[in-house]
Amino acid sequence: MIKILLSARRSLEAVNTAAAVISAGAVVFACFAVTWAVLARGVVGMNTIWELEASVYLLIYAAFLSAAFADRGGGQIAVDFLRNRLTGRARRIHRSLLDAIALAVFALLLVSGWDMFSGAWERGWRSETLWGPPLWIPYLAVPLGSALMVVTLAVDILLRLAGQTLSVDQGATTH
């Protein structure tokens, strides 16, 4: 069982890294799109239709798809006051408790996000802007990113319950 979980964790790290790279590309593209929109409107006097809305959607994807990667790398805001005073088993229990809370939050986001996505898909909702993209596209970011986070957290919790010490337990990462 532990071998399967460790293999799953390695696979998840690869998927989360790929998601983070895609997220970084989305942020870069959003920056270029907004820059283009500012220059096109301000300098050339052109109307812009899709740039701002597409950038917002890309940033939503970037935030959700990179959440699991950021969590593993300590990229979130953390208060280390208690964690720094804990050692060994107490630190692992503390991390598992925080992971369980995060798991519950992201599971709720997964269910709610899927509801939002499937509703937009089934009803054919579109943005009410001139560009008018289907709303299922940006809504899909919530369940995708939440699913990555839920699976990653669940594997980490199961590994800790099996007595494994994870690299994130050693570093300065916490929820």
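Counting from 1, residues in each chain are numbered in the order their sequence is written. Selection of residues for local features in this predicted model requires a pLDDT of at least 70, selection of side-chain atom pairs for listing and counting requires 80 or more, and totals for whole chains, interfaces and linings are taken over all residues. Only heavy atoms go into the side-chain values, all of them from the structure, while hydrogens and water stay out.

Participant: Honestly, the overall build of the chain in this entry has me stumped. Any pointers?
Facilitator: The helix and strand inventory of the chain stands at 7 helices and 0 strands. Order of helices (α) and strands (β) in the chain, N terminus to C terminus: α-α-α-α-α-α-α. Each of the three principal axes of the chain carries a C-alpha extent, and together these read 60 × 35 × 25 Å. Buried means the residue's accessible area, taken with a 1.4 Å probe over protein chains only, is under 20% of the maximum for its type, while exposed means over 50%, and partly exposed covers the values in between. Relative to its full complement of 175 residues, the chain shows a buried share of 39%. By definition in these notes, contact holds between two residues if any of their heavy atoms fall within 4.5 Å. Nonlocal contacts in the chain, meaning residues at least 24 apart in sequence, comprise 76% of its contacts between residues at least 6 apart. In the structure as shown, the chain presents an accessible area of about 10,200 Å², 71% of it carried by carbon and sulfur atoms. Helix and strand definitions follow DSSP, with helices as H or I runs of at least four residues and strands as E runs of at least two, each counted in order from the N terminus. Here the Shrake-Rupley method, with its probe set to 1.4 Å, supplies the accessible areas, and only the displayed protein chains count as covering residues.

Participant: I keep staring at the packing of helix H4 (residues 88–123) against helix H6 (residues 141–161) and nothing clicks. Help me out?
Facilitator: The description of two packed helices rests on the angle between their axes and on the distance between the axes. Axis lines are fitted to C-alpha atoms, over the contacting stretch for helices. Their N-to-C directions set the angle, which ranges from 0 to 180 degrees. H6 packs onto H4 with a crossing angle of 155° between their chain directions and a minimal axis gap of 8 Å. Classed by the angle they form, the pair H4 and H6 counts as roughly antiparallel. For the pair H4 and H6, the sense of crossing is left-handed. The residue classification treats Ala, Val, Leu, Ile, Met, Phe, Trp, Tyr, Cys and Pro as nonpolar and Asp, Glu, Lys and Arg as charged. All others, Gly included, are polar. Residues of the contact of H4 with H6, tallied by class, amount to 18 nonpolar, 3 polar and 5 charged. To sort the angles, those under 35 degrees are grouped as roughly parallel, those over 145 as roughly antiparallel, those from 65 to 115 as roughly perpendicular, and the leftovers as oblique. Handedness of each helix crossing follows the sense of rotation of the near helix against the far helix: counterclockwise by less than a right angle gives left-handed, clockwise gives right-handed.

Participant: Would you take a moment to explain the pattern of salt bridges for this structure?
Facilitator: Should their charged atoms come close, side chains of opposite charge can pair. Here, a salt bridge means any Lys or Arg side-chain nitrogen found within 4 Å of an Asp or Glu carboxyl oxygen. A full pass over the atoms with the stated rule returns 7 salt bridges. Arg9 serves as the salt-bridge partner of Glu13, at 2.6 Å between the closest nitrogen and oxygen. Pair noted here: Glu13 and Arg9 are both in helix H1 (residues 2–44), with a separation of 4 residues, about one helical turn. Judged by relative accessible area, which is 9%, Arg9 ranks as buried. A salt bridge links Arg160 to Asp99, with the nearest nitrogen and oxygen atoms 2.9 Å apart.

Participant: Mind showing me how you'd approach the environment of Arg89 here?
Facilitator: One can find Arg89 in helix H4. In this structure, the C-alpha to C-alpha distance between Arg89 and Thr17, residues 72 residues apart in sequence, is 28 Å.

Participant: Explanation requested: the side chain of Thr152 in the structure shown.
Facilitator: Note on placement: Thr152 falls in helix H6. Beyond its immediate chain neighbours, meaning those up to four positions away, Thr152 contacts Leu12, Asn16, Ala68 and Arg72.

Participant: Sorry, what's going on with the packing of aromatic side chains here?
Facilitator: The relative placement of two aromatic rings is captured by the distance of their centres and the angle of their planes. Two rings from Phe, Tyr or Trp (for Trp, the six-membered ring) form a pair when their centres sit within 6.5 Å of each other. Planes less than 30 degrees apart are called stacked, planes more than 60 degrees apart edge-to-face, and all others tilted. Inspection of the entire model under this criterion finds 5 aromatic pairs. Taking the centre distance of 5.0 Å and the plane angle of 50° together, the rings of Trp114 and Phe117 count as tilted. With a gap of 3 residues between them, Trp114 and Phe117 both fall in helix H4, about one helical turn apart. We classify Phe117 as buried; its relative accessible area is 9%. Three or more aromatic residues joined by ring pairs make a cluster, and in this case those are Trp114, Phe117, Trp121 and Trp136.

Participant: So what exactly am I meant to see when it comes to the environment of Val105 here?
Facilitator: Structurally, the position occupied by Val105 is in helix H4. For the pair Val105 and Gly163, spaced 58 residues apart in sequence, the C-alpha to C-alpha distance is 24 Å.

Participant: Explain a nonpolar patch on the surface to me, please; I cannot follow it from the model alone.
Facilitator: Side chains of Phe29, Trp36, Leu39, Val43, Val44, Met46, Ile49, Trp50, Leu130 and Trp131 sit close together on the surface and give an oily, nonpolar patch of about 1,000 Å² of accessible area. Note that Val44 resides in helix H1. Surface patches are defined over residues having more than 30% relative accessible area and no salt bridge, joining like charges when they lie within 9 Å and nonpolar side chains (Val, Leu, Ile, Met, Phe, Trp, Tyr) when within 5 Å.

Participant: Got a minute to help me understand the packing of H1 against helix H2 (residues 51–65) in this structure?
Facilitator: For the pair H1 and H2, the least separation of the axes is 8 Å and the interaxial angle reads 160°. As the angle between them shows, H1 and H2 are arranged roughly antiparallel. Crossing of H1 over H2 shows left-handed handedness. Across the interface between the two elements, Ala19, Ser23, Ala26, Val27, Phe29, Ala30, Ala33, Val34, Trp36 and Ala37 from H1 touch Glu51, Ser55, Leu58, Leu59, Tyr61, Ala62 and Leu65 from H2. Broken down by class, the residue content of the contact of H1 with H2 amounts to 14 nonpolar, 2 polar and 1 charged.

Limitation: the analysis is restricted to geometry and does not speak to function.
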